[in-house]
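Okay, here's what each chain looks like letter by letter:
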Amino acid sequence: MIDGVNASQVYLPKLAQPTTLFAYLCEKFPHISAQEWQQRFQDQLIFNEQGQILNLKSTYPENSHIFYYRFLAHEIHVPFQEQILFENDHFIVVDKPHFLTISPTGQYLQETVLVRLKKATNNPDLTPIHRLDRETAGIVLISKCPETRGMYQQLFAERRVQKVYHAIAAYRPELIFPQDVHLRMEKGQPFYTMCTVAGEANSHTAIHLLTHNHTWAKYQLKPETGKQHQLRVHLNHLNIPIKNDPFYPTVIHKNEADFSTPLQLLAKELSFKDPISQQEMYFSSQKELTIE
């Protein structure tokens, strides 16, 4: 682990024609410039299974793995801090702010919950047990050790975790709450969005109205399924899209450095029976969404 980042791994199959490792990586990953690969070799960020540092002239070691560290020359700083609410031998409970991605992806590496925590704890084994969107704030569970990780992942897979969200959205007096929303959701266009289609429902959310000021309302959402963007799609389906949602009902391409209008969605509560201690665990975000 270097600066909180674990090495990526790639398998090198047998090739018909001999080549250098540098040439193969440039061809296999065309979205990464040759200049970037050259810089990684020069910075000694690429090595073989034996831990030996590889260079630009290294031959292609077929039928083996190599490891490399990625970097981002320009990364937008996220000016909000995650907070650790609880920690034991097996997991960490984090209160995630809006705009902070959980794991390294695309244009975010250092500015992620995972890398920040790895740097703070010096634990390379940290792994998210579940996910929240970058735009969503609230409770996230992070595994500390591989030996018990599967037990907690199974809780989520078997829907033995109770999740409660809060959201701010428009108030519509004609809507009657509480109500259950059952919809069939599929991948939409653009590819990173979801849409509703005809057919058997595959997503279910229980929605309660907590309070309102006749214009905006605060809702409690209890998802019984875990589809991507489920809560955002379900409220949009009721014609009460979540305040500041950049995807629903219309995709708005915002400046990544604009932190002025956070999505008003919060993973407020998380509870489950711990598979190891058999204790009932309950965690609540210290953040609050307010109607303005």
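The structure displayed is predicted, hence computed values, not measured ones.

Q: Summarise the environment of K254; cite the residues concerned and give the values.
A: Examined against the element boundaries, K254 turns out to sit in the loop between α5 (230–237) and β13 (265–273). K254 sits in the partly exposed class, given a relative accessible area of 30%. For K254, the side chain forms a polar contact with the side chain of T261, separated by 2.9 Å.

Q: Kindly report on the side chain of E111, identifying the contributing residues and their values.
A: Here E111 is to be found in the loop between β5 (91–96) and α3 (113–121). Residue classification places E111 among the buried positions, given a relative accessible area of 12%. The residues touching E111, leaving out its near neighbours within four places in the chain, are E75, I76, H77, V78, L100, T101 and R116.

Q: So, unusual backbone geometry: which residues are in play, and what are the values?
A: In this chain, F177 is followed by P178 through a cis amide linkage whose omega measures 0°. Mapped onto the fold, P178 is located in the loop between β8 (162–170) and β9 (179–187). Put simply, Q189 and P190 share a cis peptide bond, and its omega is 0°. Among the secondary structure elements, P190 is positioned in the loop between β9 and β10 (194–197). In this structure, N63 takes a positive phi of about 55° despite not being glycine. Along the chain, the position of N63 falls in the loop between β2 (46–48) and β3 (64–68). In the Ramachandran plot, Q278 falls in the positive-phi region, its phi being about 65° despite a non-glycine side chain. Here Q278 is to be found in the loop between β13 and β14 (280–284).

Q: Tell me about the packing of aromatic side chains, and please be specific about residues and values.
A: Inspection of the entire model under this criterion finds 21 aromatic pairs. Ring centres 6.0 Å apart and planes at 25° place the aromatic pair F80 and F99 in the stacked group. You can see F80 sitting in the loop between β3 and β4 (83–87) and its partner F99 sitting in the loop between β5 and α3, a full 19 residues away along the chain. Among the residues examined, F80 registers a relative accessible area of 31% and is labelled partly exposed. We classify F99 as buried; its relative accessible area is 6%. Here the aromatic rings of F247 and Y248 are separated by 6.3 Å at their centres, their planes lie at 75°, and the arrangement is edge-to-face.

Q: If you had to explain the sheet that holds β2 to someone new, which residues and values would you point to?
A: Within the open sheet, the three strands sit side by side as β1-β3-β2. Their pairing is antiparallel. Lying at the two open borders of the sheet, with one neighbouring strand each, are β1 (8–12) and β2. Mean inter-strand twist for the sheet, computed between neighbouring axes without regard to direction, equals 30°. Bridging between β2 and β3 involves three bridges; their strand directions are antiparallel.

Q: Could you give me a rundown of the packing of helix α1 (residues 21–28) against helix α2 (residues 34–42), with the residues and numbers involved?
A: One can describe the packing of α1 onto α2 by two numbers: an axis separation of 10 Å at closest approach and a directional angle of 140°. In terms of their interaxial angle, α1 and α2 are classed as oblique. When you trace α1 past α2, the crossing you get is right-handed. Side by side, α1 and α2 meet where L21, F22, L25 and C26 of the first sit next to A34, W37, Q38 and F41 of the second.

Q: Quick one: what's the story with the pattern of salt bridges, residue by residue and with numbers?
A: In total, this model carries 15 salt bridges according to the counting rule given. Notably, a salt bridge pairs D245 with R232, separated by 2.7 Å at the nearest N-O pair. Within this pair, whereas D245 is found in the loop between α5 and β13, its partner R232 is found in helix α5, the two being separated by 13 residues in sequence. Considered together, D245 and R232 belong to a single accessibility category, that of buried residues. Across the pair K268 and E288 runs a salt bridge whose closest N-O atoms are separated by 2.8 Å. Remark: E288 occurs in the segment after β14 and K268 occurs in strand β13; sequence separation between them is 20 residues. Owing to a relative accessible area of 48%, E288 belongs among the partly exposed residues under this scheme.

Conventions used here
Residues numbered from 1 in each chain as written. Predicted model: local features only at pLDDT ≥ 70, side-chain atom pairs only at ≥ 80, totals over all residues. Heavy atoms only, no water. Helix = DSSP H or I, 4+ residues; strand = E, 2+ residues; numbered from the N terminus. Buried < 20%, exposed > 50% of the residue type's maximum accessible area, 1.4 Å probe, protein only. Polar contact = N/O pair within 3.5 Å; in protein donor to acceptor, adjacent residues only side chain to side chain. Contact = heavy atoms within 4.5 Å. Phe/Tyr/Trp six-rings, centres within 6.5 Å; stacked < 30°, edge-to-face > 60°. Pairing = 2+ DSSP bridges. Axes fitted to C-alpha atoms, helices over the stretch in contact; angles between N-to-C directions. Parallel < 35°, antiparallel > 145°, perpendicular 65-115°, else oblique. Left-handed = near helix turned anticlockwise from the far one by under 90°. Salt bridge = Lys/Arg side-chain N within 4 Å of Asp/Glu carboxyl O.

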